[in-house]
Amino acid sequence: MKRDRIPVLLAVTALLLVGFAVSGYAQEPQEHWYTFNVGGGFSPLVGQISNRLDNGWHATGGIGVRMTSHFEIAGQFTYHGFGVKPVVLAEAAVPSANSHVWSITADPKLRFGGARRFDPYLVGGVGYYRRTINFTAPTLTPITIFDPFFDALFTGLIPTNVQLGSVTRSGVGGSGGVGFHIRLGSSTAKLFVEARYHYAATGNIPTRMIPATLGFQW
């Protein structure tokens, strides 16, 4: 091969690569400047709080703004439901209890894949966390039932729980973790999977957990 042909071949190769890149980018759907997300999953606790509360579940949802194809920020609300360990019931001298944590946070996200089908990312968050334990006792509550067949009213009893008291702690907290999006078909909708470490200064015993979330983003 003559040396004077090498620059020509390199130029043609470069043009082909650029053409393929532009063609591939053009096939990617145009993303909106706003985002919506919903999800849920498992919420395992770590640290001291895991000795007093049982692992639980969570549901989350948020609205965000996409600054660029690689950076966005969302306002997120998350609710976690937990059980309560027997040691806490014994200390409070109550038959039953339940617990929950909710948070409102600002969550920045750094996306490495941009608008590509597979899009790994880093995500964080900072905001307000509130943890509550409700102490309850089983009871029977009278209700009135209408029977249309006999055209009569009957009084019955249903099992319920009465709240005996509660303990609430709140404070500032934050989170950090990793995840990935997978775009669904040719739409802008994405399936996402992520895991984060959360820390919240909720009294003498901070809230620490590592929830794993499966959800959808538009």
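This is a predicted model, so every value here is computed, not measured.

### Section: the nonpolar core
Thought 1: With 15 residues, the main nonpolar core has Leu 53 and Val 84 as its most contacted residues.
Thought 2: Those elements giving two or more residues to this core turn out to be strand S3 (71-84), helix H2 (86-92), strand S4 (96-111) and strand S5 (118-147).
Thought 3: Here the element with the most residues in this core is S5; it accounts for 3 residues.
Thought 4: With sequence-adjacent residues up to four places away left out, Val 84 is seen in contact with Arg 52, Leu 53, Asp 54, Leu 89, Ala 97, Asn 98, Ser 99 and Ile 133.

### Comments concerning the pattern of salt bridges
Thought 1: In total, this model carries 8 salt bridges according to the counting rule given.
Thought 2: Two residues, Arg 111 and Asp 119, come together in a salt bridge whose shortest N-O distance is 2.5 Å. Neither residue differs from the other here; Arg 111 and Asp 119 are each classed as buried.
Thought 3: It is possible to trace a salt-bridge network through shared partners that takes in Arg 66, Glu 72, Lys 109, Arg 111 and Asp 119.

### Section: the pairing of strand S7 (residues 190-200)
Thought 1: The alternating pattern of S7 places Lys 190, Phe 192, Glu 194, Arg 196, His 198 and Ala 200 on a buried face, while none of Leu 191, Val 193, Ala 195, Tyr 197 and Tyr 199, on the opposite face, is buried.
Thought 2: In this structure, S7 lies alongside strand S9 (residues 212-217), joined through 6 bridges in antiparallel fashion. In the strand pairing of S9, Lys 190 is matched with Gln 217.
Thought 3: Here S7 pairs with strand S8 (residues 207-209) via 3 bridges, running antiparallel.

The rules behind each value
- Residues numbered from 1 in each chain as written.
- Predicted model: local features only at pLDDT ≥ 70, side-chain atom pairs only at ≥ 80, totals over all residues.
- Heavy atoms only, no water.
- Core = buried A, V, L, I, M, F, W, Y, C linked by side-chain atoms within 4.5 Å.
- Buried < 20%, exposed > 50% of the residue type's maximum accessible area, 1.4 Å probe, protein only.
- Helix = DSSP H or I, 4+ residues; strand = E, 2+ residues; numbered from the N terminus.
- Contact = heavy atoms within 4.5 Å.
- Salt bridge = Lys/Arg side-chain N within 4 Å of Asp/Glu carboxyl O.
- Pairing = 2+ DSSP bridges.

Read these as layout, nothing more, since geometry by itself doesn't imply function.
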